[in-house]
Amino acid sequence: MNRPLVSSDRMALETAAPSELPVAIIGAGPVGLAAAVHLLGYGIEPVVLEAGTVVGAAVRDWGHVPMFSPWGYSTDRTAVALLRRHGWTHPDEAGYPTGRDLAERYLDPLAATPEVAGRLRLGTRVTGIARAGLGKVRTAGREDRPFEVRYVDDEGREGRLFVRAVIDASGTWSSPNPAGASGLPAVGERAAASRIRYGMPDVLGRERDRYAGRRILVLGSGHSATGTLLDLADLAREAPGTSIVWAFRNTDRAKLFGGGEADQLPRRGALGLRLRALAEAGTYEIVAPFAVDAIEAAGNGLRVLGDQDGAVRGIEADEMVVATGLRPDLSILAELRLDLDPALDCPRALAPLIDPNEHSCGTVRPHGAAELAQPEPGLFIIGMKAYGRAPTFLLATGYEQARSVAAHLAGDHEAARRVELVLPETGVCNGPGRKTEAATCCGPAAPAESATASACCG
Ligand SMILES: Cc1cc2nc3c(=O)[nH]c(=O)nc-3n(C[C@H](O)[C@H](O)[C@H](O)COP(=O)(O)OP(=O)(O)OC[C@H]3O[C@@H](n4cnc5c(N)ncnc54)[C@H](O)[C@@H]3O)c2cc1C
């Protein structure tokens with residue numbers, strides 16, 4: 001098989017047939033690595049470019065967090081088959097990994113197989129992708145040109161690869177939503193950065209000293225906020241003087257704590273039930289619905305100003321944890337032709353299946369290369385990034401996407417279409433999905449009429 005062509009191979013590029021070029025995978029998270037294994041299964045050469053110095057860099061960042069899906073839902077079948085050929089044993093399928101377990105017990109061994117190790121480039125941050133020699137505007141001959149992938153390595157050196165296709169599996173972990181309710185950073189949010197942590201701080205471990213004995217404002221009401229609130233409740237029991245304010249915008253209290261016992265992932269349901277019990281016991285000072293507008297310094301801490309029921313309210317805190325969701329960083333794709341949903345920033349055909357305004361049950365009609373295709377032939381966005389700004393992404397979805405896209409790139413269109421994933425429901429329903437033929441909310445291949453007539457999870 002051919003090795004990737006680099007900048008000095010410009011002449012070789014001019015003469016190479018596209019099929020001789022590798023496929024670039026952006027990101028060595030669980031889904032990017034699965035895509036590499038699926039491509040190898042078809043005899044296609046992948047090159048995996050990972051910004052971190054280790055695989056699963058994002059997963060390790062939330063390594064302290066217990067996952068809500070068991071091992072059985074957290075590994076890719078084809079990757080598991082490869083690992084088993086090297087003597088690996090699958091962890092107990094019914095057991096629950098943390099993010100760190102997933103990285104150390106699954107991703108590290110996968111990256112160490114000779115098949116994957118030779119295709120990995122760690123410490124390599126992709127900075128932009130284009131059709132080689134063409135800007136975004138030029139149409140003639142576009143699909144015959146390879147992609148040019150630019151990167152910077154961890155010593156600051158710039159480089160490039162020429163590839164036949166690009167699978168962007170770079171996730172959304174490094175682009176958290178800001179605190180500001182408008183979607184822009186709140187006025188003063190950047191200046192207050194030293195007192196704000198985005199995502200899920202390790203409040204019981206590495207970052208304990210930062211939060212023990214402090215007044216902490218947690219903003220948001222999704223899974224990340226839930227995890228942080230539960231950890232902070234434990235911290236407050238152990239560290240005197242710790243107090244927790246919980247502010248969120250959600251006005252639907254019925255869905256605030258998730259599906260509880262109706263959730264088909266019992267761990268996910270249990271988190272919400274525990275949070276509800278703590279909230280009812282008065283563990284948190286709850287300020288809701290609250291829409292953040294501005295953040296200003298107040299003594300050694302912060303004053304967060306926002307709207308509560310039409311009146312301006314200020315919340316004072318020493319520290320703030322912003323858990324308002326994630327969004328994709330589309331800057332590396334700016335020179336390519338994209339067709340994304342205007343609200344969710346995800347591939348357009350996927351939006352009706354995952355739009356949180358209308359659909360929350362967690363099941364997603366099986367989908368693959370057809371739904372993920374972009375106007376730029378050979379470009380696919382998969383994994384967490386494929387969901388854009390929508391929550392409820394599950395690894396099982398990403399692995400199925402990886403399998404289908406690899407099959408498509410190999411020309412195995414029957415296998416690319418054959419998507420058969422059934423996902424566990426959250427037990428929370430918003431009602432009918434968007435009224436399009438693609439918007440079959442629950443289970444495979446439900447007819448459009450039943451999707452529009454039935455509630456979200458039926
Ligand atoms: C706290 C938390 C808990 C979760 N729990 C579960 C669960 O229990 N079950 C479940 O199914 N799902 C869970 N998820 C959702 C999802 O499955 C994970 O986020 C998963 O890690 C997504 O995998 P991914 O490969 O798409 O992206 P990521 O794991 O985010 O990997 C993306 C990789 O791309 C790299 N990268 C980013 N930008 C670049 C660039 N420009 N160039 C090169 N590399 C780049 C990153 O460093 C990273 O290694 C959870 C998510 C979070 C945040």
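Residues numbered from 1 in each chain as written. Predicted model: local features only at pLDDT ≥ 70, side-chain atom pairs only at ≥ 80, totals over all residues. Heavy atoms only, no water.

Caption draft 1: Spotlight on the overall build of the protein chain. Assigned secondary structure in the protein chain consists of 16 helices and 17 strands. For the protein chain, the proportion of its 458 residues judged to be buried stands at 53%. Considering only residue pairs separated by 6 or more positions, the protein chain has 69% of its internal contacts joining residues 24 or more positions apart. Here the protein chain has roughly 19200 Å² of accessible surface; of this, 51% comes from carbon and sulfur atoms. (Helix = DSSP H or I, 4+ residues; strand = E, 2+ residues; numbered from the N terminus. Buried < 20%, exposed > 50% of the residue type's maximum accessible area, 1.4 Å probe, protein only. Contact = heavy atoms within 4.5 Å. Areas by Shrake-Rupley, 256 points an atom, 1.4 Å probe, with all protein chains shown as cover.)

Caption draft 2: Molecular detail of the site of the ligand. Around the ligand, the structure places 28 residues, and the nearest of them are Glu-50, Phe-68, Ser-69, Met-384 and Leu-395. Val-126 places a main-chain nitrogen or oxygen 2.9 Å from a nitrogen atom of the ligand. In this structure, Met-384 approaches the ligand through a main-chain N or O atom, which is 2.8 Å from an oxygen atom. If the ligand stood free it would expose 980 Å²; the protein chains cover 92% of that surface. Here the shell around the ligand is composed, by residue class, of 19 nonpolar, 7 polar and 2 charged. (Near = heavy atom within 4 Å. Polar contact = N/O pair within 3.5 Å; in protein donor to acceptor, adjacent residues only side chain to side chain. Nonpolar A, V, L, I, M, F, W, Y, C, P; charged D, E, K, R; others polar.)

Caption draft 3: The pairing of strand β13 (residues 291-298), seen in detail. Relative to strand β14 (residues 301-308), β13 runs antiparallel, the two sharing 7 bridges. For Glu-296, the partnering residue across the bridge sits in β14 and is Arg-303. (Pairing = 2+ DSSP bridges.)

Caption draft 4: Highlighting the sheet that holds strand β16 (residues 319-322). Read across the sheet, 5 strands follow the order β9-β16-β10-β11-β12 without closing on themselves; strand pairing throughout is parallel. Looking at which strands have only one partner, the edges of the open sheet turn out to be β9 (196-198) and β12 (284-287). Averaged over all pairs of adjacent strands, the angle between their axes in this sheet comes to 20°, without regard to strand direction. (Axes fitted to C-alpha atoms, helices over the stretch in contact; angles between N-to-C directions.)

Caption draft 5: View of the sheet that holds strand β17 (residues 379-381). The 5 strands are arranged β4-β3-β2-β8-β17 in an open sheet whose pairing can be described as parallel. Edge positions in the sheet fall to β4 (120-121) and β17, since each has one partner strand and no second. Pairing between strand β2 (residues 23-26) and strand β8 (residues 165-168): 4 bridges, direction parallel. Across the sheet, Ile-26 pairs through a bridge with Asp-168, a residue of β8. This element, helix α2 (residues 30-41), spans β2, β3 (46-49), β4 and β8 of the sheet and lies at about 160° to β2.

Caption draft 6: Spotlight on the nonpolar core. Counting 56 residues, the largest nonpolar core has Tyr-106, Leu-110, Ile-167, Ile-354, Ile-382 and Leu-409 as the members making the most contacts within it. When residues of this core are traced back to their parent elements, those giving at least two are β2, α2, α5 (77-85), α6 (99-112), β8, α12 (351-354), α13 (369-372) and α14 (395-409). Counting residues per element, this core draws most heavily on α2, which supplies 7 residues. Discounting residues that sit within four places of it in the chain, Tyr-106 has contacts with Trp-71, Ser-74, Thr-75, Asp-76, Ala-79, Leu-83, Trp-88, Asp-101 and Tyr-399. (Core = buried A, V, L, I, M, F, W, Y, C linked by side-chain atoms within 4.5 Å.)

Caption draft 7: The environment of Ala-407, seen in detail. Mapped onto the fold, Ala-407 is located in helix α14. Residue Ala-407 is classed as buried on the basis of its relative accessible area, which comes to 0%. Sequence separation of Ala-407 and Arg-417 is 10 residues, and the distance between their C-alpha atoms is 8.8 Å. If we ignore the near neighbours within four places in the chain, the residues touching Ala-407 are Tyr-42, Asp-412, Ala-415 and Ala-416.

Caption draft 8: Quick look at the side chain of Arg-131. Inspection of the secondary structure assignment puts Arg-131 in strand β5 (residues 124-131). Here Glu-376 takes part through its side chain, which lies 3.0 Å from a polar atom of the side chain of Arg-131. If we ignore the near neighbours within four places in the chain, the residues touching Arg-131 are Arg-142, Glu-143, Arg-145, Pro-146, Phe-147, Leu-336, Glu-376 and Pro-377.

Caption draft 9: Representation of helix α11 (residues 266-280). The terminal C-alpha atoms of α11, which comprises 15 residues, lie 21 Å apart, in line with the 21 Å expected from a rise of 1.5 Å per residue. Turning to α11, its buried residues number three or more, namely Arg-268, Gly-269, Gly-272, Leu-275, Leu-278 and Ala-279. In this structure, the buried side of α11 is in contact with α9 (223-238), β11 (243-247) and β12. Residue Gly-282 follows α11 closely and has a positive phi angle near 85°. (Expected span 1.5 Å × (residues − 1).)

Caption draft 10: Geometry of α6. Here α6 spans 18 Å end to end across 14 residues, near enough to the 20 Å set by a 1.5 Å rise per residue. Among the residues making up α6, those that are buried are Gly-99, Leu-102, Ala-103, Tyr-106, Leu-107, Leu-110 and Ala-111.

Caption draft 11: Focus on the pattern of salt bridges. One pass over the full model with this rule turns up 25 salt bridges. Where Glu-285 meets Arg-313, a salt bridge forms, and the shortest distance between an N and an O atom there is 4.0 Å. Of this pair, Glu-285 sits in strand β12 while Arg-313 sits in strand β15 (residues 311-317), and the two are 28 residues apart along the sequence. (Salt bridge = Lys/Arg side-chain N within 4 Å of Asp/Glu carboxyl O.)

Caption draft 12: Quick look at the packing of aromatic side chains. Tallied over the entire structure, the rule returns 5 aromatic pairs. Between Trp-246 and Phe-257 the ring centres are 6.2 Å apart and the planes differ by 65°, which places this aromatic pair in the edge-to-face class. In this pair, Trp-246 is assigned in strand β11 and Phe-257 in the loop between α10 (253-256) and α11, connecting sequence segments 11 residues apart. Take Trp-246: its relative accessible area is 0%, and that puts it in the buried class. Looking at Phe-257, the relative accessible area reads 13%, which means it is buried. (Phe/Tyr/Trp six-rings, centres within 6.5 Å; stacked < 30°, edge-to-face > 60°.)

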